[in-house]
Amino acid sequence: MKRPVAMLAATAHAVPTRVFTNDDFASIGVETSDEWIRERTGIGQRYIAGEGETLTSLCTEAARKAMAMAGVTAAELDLIILGTASPDRLLPATAVEVQAALGASRAAAFDLDAACSGWLYSCQVAEGLIATGSYETILVIGGEVLSRIINWRDRNTCVLFGDGAGATIIRRSTKQRGILSAYMRSDGTLADLLQRPKGAGACPMTNEILAEGSHFITMAGREVFKNAVRSMADAADRALDGAKLSSTDVDLLIPHQANIRIIEATAKHANIPMEKVFVNVDRYGNTSAASIPIALSEAQAQGRVKEGSTVMFVAFGAGFTWGSMIVRF
Ligand code: UT7
């Protein structure tokens, strides 16, 4: 096992105030049911951003909480990396808006788009930068306001997603604590299976695009499902191999929260019983890059992750992107 160079010092989360239940879809004319959504996905409700709630405001709230928990001031932040696929503006990066809101004047800031793997990718970038010796304290955020980029008339997608942000302070590791293994992969040949087809650089926005809604997320659900199961299983194997650990060494698995059936398949493949798997997809839906840090924040608050815990993270998202990480807390 390598000596960890970076540790996750504190994680916190923030969600919008409005809860949108499965039954609420009837009120906006979406033909679906609580039974269908729960059975196929495990989702019961999600949080949806209202007026005045933005990616910047959610990320800033989560970041402030994480900084307070870690005892880190804005002036101490060297870098802010925001994993997101739903920025507030197309230019500039939302990370700089968070920097301004926090008053982190010394920090560099950028967004990283690896879709649902965004937080996991960002943690690994942070680890690499800490290893160079140039960075001490990095704020990594996974945040999304997906409700503004989904098609609320497409029942194949609109029932799946939710909004929120999770923020983690990553610092140079002091003891034998921190990131023990890290793995990232992508496969761009399958990019069309989960995408926003039009309305950006290759196909600039027109009235037609707006009318047909092809700037919203589209997904080939069954294909994405199969790839998610395969890739998350592979990522779990790589995480254990990289840390030279076996599944019995893992105290908790925190997988990306897209679908309870994908989570169960990943746990089964990794030979980890469901009692050792953190699940909150029922209350948040799929919050993409925010899903793992929100889950970690809750797991720590519930005492399921404490000092000495060995936790495996596994993510999968559009791109496709996927990856894993084992962390000793
Ligand atoms: O974050 C990573 C990316 N996302 C994912 O990991 C999601 C991966 N995919 C999935 O989770 C699943 O494929 C879904 C939950 C999206 C769909 O579940 P499924 O078991 O694969 O259903 P399906 O696509 O095979 O659709 C079954 C039926 C269809 O009807 P027909 O064609 O069989 O008559 C759909 O039209 O269910 C219908 N359907 C719905 N019915 C009620 C699709 N969406 C809904 C809905 N309510 N919301």
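Residues numbered from 1 in each chain as written. Predicted model: local features only at pLDDT ≥ 70, side-chain atom pairs only at ≥ 80, totals over all residues. Heavy atoms only, no water.

A. Quick peek at the sheet that holds strand β5 (residues 108-112). Pairing within the open sheet is mixed, and its 5 strands lie in the order β1-β7-β6-β4-β5. Only two strands of the sheet have a single partner each, and these edge strands are β1 (6-14) and β5. Between one strand and the next, the sheet's axes are offset by a mean angle of 20°, whatever the strand orientation. By the bridge criterion, 8 bridges tie strand β6 (residues 137-144) to strand β7 (residues 164-172) in an arrangement that is antiparallel. Of the residues in β7, the one forming a bridge with Ile141 is Ala167. Most of the contacts of helix α4 (residues 118-131) go to β6, to which it runs at about 170°, and overall it touches β1, β4 (79-83), β5, β6 and β7. On top of the sheet, helix α10 (residues 291-301) reaches β1, β6 and β7; it is set at about 95° to β1, its chief contact. (Pairing = 2+ DSSP bridges. Helix = DSSP H or I, 4+ residues; strand = E, 2+ residues; numbered from the N terminus. Axes fitted to C-alpha atoms, helices over the stretch in contact; angles between N-to-C directions. Contact = heavy atoms within 4.5 Å.)

B. Fine view of the site of the ligand. If you check the shell around the ligand, you find 23 residues, and the closest are Thr32, Arg222, His256, Asn259 and Asn286. Contact between the ligand and Thr32: a nitrogen atom at 2.7 Å from a side-chain N or O atom of the residue. In this structure, an oxygen atom belonging to the ligand sits 3.1 Å away from a main-chain N or O atom of Gly221. Residue assignment for the shell around the ligand shows that the elements contributing at least two residues are α1 (34-41), α5 (155-158), α7 (221-243) and α8 (260-270). Ranked by the residues each element gives to the shell around the ligand, the list is headed by α7, at 4 residues. (Near = heavy atom within 4 Å. Polar contact = N/O pair within 3.5 Å; in protein donor to acceptor, adjacent residues only side chain to side chain.)

C. Quick peek at the domain arrangement of the protein chain. Examined at the domain level, the protein chain breaks down into domain 1 (6-175) and domain 2 (179-328). Of note, the centres of domain 1 and domain 2, computed from C-alpha atoms alone, are 14 Å apart. In this complex, domain 1 contributes 51 residues to the contact, which on the side of domain 2 involves 46 residues. Between domain 1 and domain 2, roughly 3800 Å² of surface is buried when both sides are summed, and carbon and sulfur atoms account for 63% of that area. Among the residues of domain 1 in contact with domain 2, Cys116, Leu120 and Tyr121 are the three that bury the most area, contributing 16% of the side total. Here Glu307 and Lys175 are joined by a salt bridge, their closest N and O atoms 3.8 Å apart. At the level of elements, β1, α1, β3 (45-48), α4, β6, α5 and β7 are the ones that each hand at least two residues to the side of domain 1 that touches domain 2. (Domains from an automatic or database assignment. Buried area = accessible area lost by both parts, 1.4 Å probe. Salt bridge = Lys/Arg side-chain N within 4 Å of Asp/Glu carboxyl O.)

D. Layout of the packing of aromatic side chains. With the rule as written, the count across this model stands at 6 aromatic pairs. With a centroid separation of 4.8 Å and 45° between ring planes, the pair formed by Phe316 and Phe320 is classed as tilted. Owing to a relative accessible area of 5%, Phe316 belongs among the buried residues under this scheme. A connected cluster of aromatic rings, assembled from ring pairs, spans Phe20, Phe25 and Trp152. (Phe/Tyr/Trp six-rings, centres within 6.5 Å; stacked < 30°, edge-to-face > 60°. Buried < 20%, exposed > 50% of the residue type's maximum accessible area, 1.4 Å probe, protein only.)

E. Structural context of the nonpolar core. Grouped together as the largest cluster of nonpolar side chains are 45 residues, with contacts concentrated most on Met312 and Ile326. For this core, the secondary-structure elements that each account for two or more residues are β8 (178-186), α7, α8, β12 (310-317) and β13 (321-328). Looking at this core element by element, the count peaks at 8 residues for α7. Each of two domains, domain 1 (6-175) and domain 2 (179-328), supplies a minimum of three residues to this core. (Core = buried A, V, L, I, M, F, W, Y, C linked by side-chain atoms within 4.5 Å.)

F. Spatial organisation of the sheet that holds β8. Pairing is mixed in the open sheet, where 4 strands are placed in the order β8-β13-β12-β11. The two strands at the open ends of the sheet, each matched to only one other strand, are β8 and β11 (252-255). Within the sheet, the average angular offset between the axes of one strand and its neighbour, ignoring direction, is 10°. Sheet topology note: the β8/β13 ladder contains 8 bridges and is antiparallel. Each residue of the ladder has a partner; that of Gly178, found in β13, is Arg328.

G. Inspection of the environment of Gly166 at higher detail. Position of Gly166 among the secondary structure elements: in strand β7. What makes Gly166 buried here is its relative accessible area of 0%. Along the chain, Gly166 and Ala131 lie 35 residues apart, while their C-alpha atoms are 23 Å from each other. For Gly166, the contacting residues outside a window of four places in its chain are Ala12, His13, Ala62, Trp119, Val140, Ile141, Gly142, Ala290, Pro293 and Ile294.

H. Spotlight on α7. With 23 residues, α7 extends 32 Å between its outermost C-alpha atoms, agreeing within 8% with the 33 Å of an ideal straight helix rising 1.5 Å per residue. The set of residues buried in α7 consists of Val224, Asn227, Ala228, Ser231, Met232, Ala233, Ala235, Ala236, Ala239, Leu240 and Ala243. Lys244, located one to two residues past α7, shows a positive phi value of around 55°. (Expected span 1.5 Å × (residues − 1).)

I. Representation of the side chain of Ser231 in the model. Looking at the element boundaries, Ser231 is found in helix α7. Once residues lying within four places of it in the same chain are set aside, the contact partners of Ser231 are Phe316 and Trp322.

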